[in-house]
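If you want the building blocks of each chain, they are given just below.
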Amino acid sequence: MSDGSTAGVASAAGVGPLFLTDRKPPAGTPTLDVCPETGRAQLSYRRAEEIFEENTRLLANPLASPEDIEDLDGFTLHRLRHSALTHDAEDNTSTPMLLARSRHASVRSLERYARPGVDAVARHVAERDPAARRRT
């Protein structure tokens, strides 16, 4: 990361902010914005987005060469959030919980994010197929 900021998981247990500054937070920083293991502050959303996008350019463009990295677009935190909601929906997370996690006010606005893939839909149907239950 070019400005000395680092990104990393706060702990093996996944506790605390994911994207951290390289310095201690100022007094009065909310506890949830401070890593309990390192004591470093959470990056702003804007800076975390820049770092994430910059560092996922080759992942998002697997056929590109490293020489082209400046011209590529990486993944975004918004896409990561979308993916997390989709996986939660595929794992049968309830609609009220998806709404709470996504901070959406209505199911309609949540629909664009929570789109289970074909494998998840097939698994859901198979689990509820009465004929399949009789065979086991």
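In this report, we go over the structure that sits alongside the text. Keep in mind that this is a model prediction, so the values were computed, not measured. (Residues numbered from 1 in each chain as written. Predicted model: local features only at pLDDT ≥ 70, side-chain atom pairs only at ≥ 80, totals over all residues. Heavy atoms only, no water.)

## Observations regarding the pattern of salt bridges
Piece 1. Scanning all chains against the criterion turns up 7 salt bridges.
Piece 2. Ionic pairing is found between Arg-46 and Glu-50, a salt bridge with its closest N-O pair at 2.6 Å. You can see Arg-46 and its partner Glu-50 sitting in helix α1 (residues 45-55), 4 residues apart, about one turn around the helix.
Piece 3. Through salt bridges with shared partners, a single ionic network connects Arg-46, Arg-47 and Glu-50. (Salt bridge = Lys/Arg side-chain N within 4 Å of Asp/Glu carboxyl O. Helix = DSSP H or I, 4+ residues; strand = E, 2+ residues; numbered from the N terminus.)

## A closer look at the side chain of Thr-21
Piece 1. By secondary structure assignment, the location of Thr-21 is in the loop between β2 (19-20) and α1.
Piece 2. Since its relative accessible area comes to 12%, Thr-21 is described here as buried.
Piece 3. Within the local environment of Thr-21, its side chain forms a polar contact with the backbone oxygen of Arg-23, the two atoms lying 2.9 Å apart. (Buried < 20%, exposed > 50% of the residue type's maximum accessible area, 1.4 Å probe, protein only. Polar contact = N/O pair within 3.5 Å; in protein donor to acceptor, adjacent residues only side chain to side chain.)

## Some remarks on helix α3 (residues 77-90)
Piece 1. The end-to-end C-alpha distance of α3 is 20 Å, a good match for the 20 Å that 14 residues give at a rise of 1.5 Å each.
Piece 2. Among all positions in α3, only Leu-77, Leu-85, Thr-86, Asp-88 and Ala-89 are buried.
Piece 3. Here the buried face of α3 lies against β2, α1, α4 (95-102) and α5 (107-110).
Piece 4. Asn-92 sits one or two positions beyond α3 and adopts a positive phi of about 65°. (Expected span 1.5 Å × (residues − 1). Contact = heavy atoms within 4.5 Å.)

## Here's the deal with the packing of α3 against α4
In a pair of packed helices, the angle between the axes and the distance between the axes together describe the arrangement.
Piece 1. In the contact formed by α3 and α4, the axes pass within 10 Å of each other and the chain directions differ by 165°. The orientation of α3 relative to α4 falls into the category roughly antiparallel. Two packed elements cross with a definite hand, and for α3 against α4 that hand is right-handed. Contacts between α3 and α4 involve Arg-81, Leu-85, Asp-88 and Ala-89 from the former and Leu-98, Arg-101 and Ser-102 from the latter.
Piece 2. Tallied by class, the residues present in the contact of α3 with α4 amount to 3 nonpolar, 1 polar and 3 charged. (Axes fitted to C-alpha atoms, helices over the stretch in contact; angles between N-to-C directions. Parallel < 35°, antiparallel > 145°, perpendicular 65-115°, else oblique. Left-handed = near helix turned anticlockwise from the far one by under 90°. Nonpolar A, V, L, I, M, F, W, Y, C, P; charged D, E, K, R; others polar.)

## Considering the nonpolar core
Piece 1. With 7 residues, the main nonpolar core is built from Leu-85, Ala-89, Leu-98, Leu-99, Leu-110, Tyr-113 and Ala-114.
Piece 2. Listing elements by their share of this core, those giving two or more residues are α3 and α4.
Piece 3. Not counting chain neighbours up to four residues away, the residues in contact with Leu-85 comprise Leu-98, Ser-102, Leu-110, Tyr-113 and Ala-114.
Piece 4. Counting 6 residues, the second-largest nonpolar core is a separate cluster that includes Leu-43, Ala-48, Ile-51 and Leu-77. (Core = buried A, V, L, I, M, F, W, Y, C linked by side-chain atoms within 4.5 Å.)

## Brief notes about the side chain of Glu-53
Piece 1. By the element assignment, Glu-53 lies in helix α1.
Piece 2. Aside from chain neighbours lying at most four places away, what touches Glu-53 is Leu-72, Asp-73, Gly-74 and Phe-75.

## Considerations on the packing of aromatic side chains
Piece 1. Counted according to the given criterion, the structure contains 1 aromatic pair.
Piece 2. Taken together, a centroid distance of 6.2 Å and an interplanar angle of 80° make the contact between Phe-19 and Phe-52 edge-to-face. A residue pair is termed long-range when its members are at least 10 positions apart, and Phe-19 in strand β2 and Phe-52 in helix α1 qualify at 33 residues. Pair check on accessibility: Phe-19 and Phe-52 agree, each one buried. (Phe/Tyr/Trp six-rings, centres within 6.5 Å; stacked < 30°, edge-to-face > 60°.)

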